[in-house]
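Chain by chain, the residues:
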Amino acid sequence: MDLRTVPVPMFKVNRQLEIVSTSQKAQEFFHSSSSFLELVDAESKQKVYNFLLSPTSNESFELNMKTRSNPFGLFQIYVQWEEEFGYVVCIEKDKEYQKSNQILHRLREQLHSIDFHEYEANIRKELLPSILNVKLSDLNRLSLSEYVGSLEDIPTKVDTVLDILSVLRPELIEAGKSEYLDIVTRELTDISSIIHYLLAASNRDRT
Amino acid sequence: MDDSSKKLAHAFLDGDIHASWMIVQQHVNEGMNSYYIYEQLLTPAMHYIGELWEKNEITVADEHIATGVCDFILSRYSFQFVQQNKAEKQKRAIFFCLEGEEHYLGIKMVSALFQEEGWDVRFLGPNLPLEYMLYTVQNFKPEVVGISLSLSTQLPQLKDYLHVLEEQKESLTILVGSRIGPSIDTNFILSKSVQFIYSLQEIRMWFEKETLQTNEEEEVIWI
């Protein structure tokens, strides 16, 4: 096979990883070298011993290689050994990673300006609907972070209403409205327990 | 390696922010300080991810996801030390990686430790061109400049940055951090204001020494 015409960087190497011949593309990408190892970044060399030289391993793997334009270019390596010679194909990967690099860069920029106090308050807000089985839109209207002070006042206010209701109790029974009184009392007691739970949960998160 | 670091590494690779945060939170609850969180938990987790790449178990794409999640966790953890109201006489420091250097998590940890010590800090991120460094130094006027590099091939480039910094009128302390370790040849650096740092424990010692010097200077003023 004439290696020179292969349209990707390809090397024919011996067991000592000395380069026997290369494709034209390999010469375009890499500096001229007698050893394949010289083209590999120092921290990738162990991977060459483990995967390129291993006779049992036929899986492809990533390597950082020194190209003419980049001392740290990422390549996907494929190898096939035929007796004493290995045919090594190197497919450039840097372009594939351009987009993920950009996303990572954007993420890093955003992290710089995140207010994590606000982030944690939002997490609590997202968790509450599942705990209480209420609609998120209702909770947004409540805007818990703004009214956190008022939330603590609710149990006292509910207790005051319950006290007044108990004062009115005899008159309401006399007027035949005791069933309504029971419903109102039960609803208020439920509201009180929900608020107590919310307060306990938010205190626990804060500590 | 600590089992928690391995668990954390897998949570990073899964992109699981919640599980990652819970592991860090558990150590905070057990009383671990920032040095432990950074050096015994986050750093070994990222090293383990490097080993997995070496074993061909993950790809660089997986490493990118892990880096993003680790950055998020580090930012969330260190946010507690961000000071909203800056004091007038606060000392200033800037931190960045040399142009072309993308491994920024280590220097971000150092930057967070300075913030925790009450310094006014600017973290300029990875891959910072020399001109931007110079612009920030002239405008922000830091007392400390922290630089990170990870390849020995970047040493000539470091020399250029140091040369520009030494030309500045103000006296600067320059800290150079590198994961290459003490094996690199630093003989070309003659200035006493340049100090090589290879671990966060050395940063802790640097703070102790700096506090001692500041106290001594204050005592001299009182006399």
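*Asks:* Help me out: how do you make sense of the overall build of chain B in this one?
*Replies:* Regarding its fold elements, chain B presents eight helices and five strands. Scanning chain B from its N terminus toward the C terminus, one meets helices and strands in the order α-α-α-α-β-α-β-α-β-α-β-β-α. By the compact-globule yardstick of 17 Å for 223 residues, chain B fits well, its C-alpha radius of gyration being 18 Å. Based on the C-alpha atoms only, the size of chain B along its principal axes is roughly 55 × 40 × 30 Å. Within chain B, the proportion of its 223 residues that are buried is 30%.

*Asks:* Before we go on, may I ask you to explain the pairing of strand S1 (residues 10–13) of chain A in this structure?
*Replies:* The side chains of a regular strand alternate between both faces of the sheet. Residue and element names in this part refer to chain A. Pairing of S1 with strand S5 (residues 85–92), which is carried by four bridges, proceeds in the antiparallel orientation. When the sheet's bridge partners are listed, Phe 11 is paired in S5 with Val 88. As defined by bridge partners, S1 adjoins strand S2 (residues 19–22) across three bridges and the pair is classed as antiparallel. Looking across to S2, one finds that Lys 12 is bridged to Ser 21.

*Asks:* For this particular structure, what's the right way to read helix H3 (residues 94–113) of chain A?
*Replies:* For the α-helix, the turn length of 3.6 residues means that residues three or four positions removed from each other point alike. Compared with the 28 Å implied by 1.5 Å per residue over 20 residues, the 29 Å span of H3(A) between its first and last C-alpha is a close match. A:Ser100 marks the point of greatest bend in H3(A), at about 25 degrees.

*Asks:* What is the right way to look at the sheet that holds strand S3 (residues 144–149) of chain B in this model?
*Replies:* Sheet strands line up and pair through hydrogen bonds in the backbone, either parallel or antiparallel. All names here are of chain B. Ordered by their spatial adjacency, five strands build an open sheet running S2-S1-S3-S4-S5, and the pairing between neighbours is parallel. Two strands bound the open sheet, and with one partner strand each, they are strand S2 (120–123) and strand S5 (194–197). Each adjacent strand pair in this sheet contributes to an overall mean axis angle of 20 degrees, direction not counted. In this sheet, strand S4 (residues 173–178) lies alongside S3 in parallel orientation, the contact comprising six bridges. Looking across to S4, one finds that Val 145 is bridged to Ile 174. The sheet contacts of helix H5 (residues 105–116) involve strand S1 (92–97), S2, S3 and S4, and relative to S1 the element is tilted by about 170 degrees.

*Asks:* What is the right way to read the packing of H3(A) against helix H4 (residues 60–78) of chain B from this model?
*Replies:* Two elements in contact, H3(A) and H4(B), have axes whose closest approach is 10 Å; the angle formed by their N-to-C orientations is 0 degrees. With respect to H4(B), the element H3(A) is oriented roughly parallel. Taking contact as the criterion, the partners of A:Tyr97, A:Ser100, A:Leu104, A:Leu107, A:Arg108 and A:Leu111 in H3(A) are, on H4(B), B:Val60, B:Ala61, B:His64, B:Thr67, B:Gly68, B:Asp71, B:Phe72 and B:Ser75. A class-by-class count of the residues in the contact of H3(A) with H4(B) yields seven nonpolar, five polar and two charged.

*Asks:* Quick question: what am I supposed to make of unusual backbone geometry here?
*Replies:* Backbone phi values are negative for most residues with the exception of glycine, while trans is the configuration of most peptide bonds. In this structure, A:Glu83 is a non-glycine residue whose phi angle is positive, near 55 degrees. Note that A:Glu83 resides in the loop between strand S4 (73–82) and S5. At B:Asn127, a position not held by glycine, the phi torsion is positive, near 55 degrees. Tracing the chain through its elements places B:Asn127 in the loop between S2 and helix H6 (130–140). Since 15 C-beta atoms lie within 10 Å of it, B:Asn127 is described here as partly exposed.

*Asks:* Explain the sheet that holds strand S3 (residues 61–65) of chain A here, please?
*Replies:* All names here are of chain A. Reading across the sheet, the five strands line up as S2-S1-S5-S4-S3 and stay open at both edges, with antiparallel pairing between neighbours. Two strands bound the open sheet, and with one partner strand each, they are S2 and S3. With strand direction ignored, the average angle separating the axes of adjacent strands in the sheet is 35 degrees. Set on the sheet, helix H2 (residues 45–52) makes contact with S3, S4 and S5; between it and S3 the angle comes to about 145 degrees.

*Asks:* Would you explain the nonpolar core in this entry?
*Replies:* Among soluble globular proteins, nonpolar side chains are generally buried collectively. Membership of the largest hydrophobic core comes to 50 residues, with the highest contact counts inside it found for B:Phe12, B:Phe95, B:Phe96 and B:Ile147. In this view, B:Ile147 contacts B:Phe96, B:Leu98, B:Leu158, B:Tyr161, B:Ile174 and B:Val176; residues no more than four positions away in its chain are not counted.

*Asks:* Looking at this model, I keep getting lost on helix H2 (residues 17–29) of chain B. Mind explaining?
*Replies:* When the terminal C-alpha atoms of H2(B) are compared, their 18 Å separation across 13 residues agrees well with the 18 Å that a helix rising 1.5 Å per residue should span. Remark: B:Gly31 follows H2(B) within two positions and exhibits a positive phi of approximately 95 degrees.

*Asks:* I would appreciate a short explanation of the interface of chain A and chain B in the present structure.
*Replies:* Where the parts come together, the accessible area they lose is often given as the size of the interface. Contact with chain A, which involves 16 residues of that partner, is made by 15 residues of chain B. Sorting the residues of the side of chain A that touches chain B by element identifies H2, S3 and H3 of chain A as the ones contributing at least two each. Element by element, the count of residues in the side of chain A that touches chain B is highest for H3(A), at six residues. Its residues assigned to classes, the side of chain A that touches chain B comprises ten nonpolar, two polar and four charged.

*Asks:* I'm lost on the environment of B:Ile94 in this one. Help?
*Replies:* Mapped onto the elements, B:Ile94 comes out in strand S1. Sequence separation between B:Ile94 and B:Leu124 is 30 residues, and the spatial gap between their C-alpha atoms is 7.1 Å.

*Asks:* Sorry if this is basic, but what is going on with the confidence of the model for chain B here?
*Replies:* Low pLDDT marks regions whose predicted coordinates should not be analysed in detail. Residues with a pLDDT of 70 or more make up 93% of chain B, whose mean pLDDT is 89. Our summary of model confidence lists the complex with pTM equal to 0.77 and ipTM equal to 0.80.

Analysis parameters
Residues numbered from 1 in each chain as written. Chains lettered and ligands numbered in written order. Predicted model: local features only at pLDDT ≥ 70, side-chain atom pairs only at ≥ 80, totals over all residues. Helix = DSSP H or I, 4+ residues; strand = E, 2+ residues; numbered from the N terminus. Rg over C-alpha atoms; globule rule 2.2 N^0.38 Å. Buried ≥ 20, exposed ≤ 12 C-beta atoms within 10 Å, placed from the backbone. Pairing = 2+ DSSP bridges. Expected span 1.5 Å × (residues − 1). Bend = angle between axes of the 7 residues up to and from the residue. Axes fitted to C-alpha atoms, helices over the stretch in contact; angles between N-to-C directions. Contact = placed C-beta atoms within 7 Å. Parallel < 35°, antiparallel > 145°, perpendicular 65-115°, else oblique. Nonpolar A, V, L, I, M, F, W, Y, C, P; charged D, E, K, R; others polar. Core = buried A, V, L, I, M, F, W, Y, C linked by C-beta atoms within 7 Å. pLDDT = per-residue confidence, 0-100.

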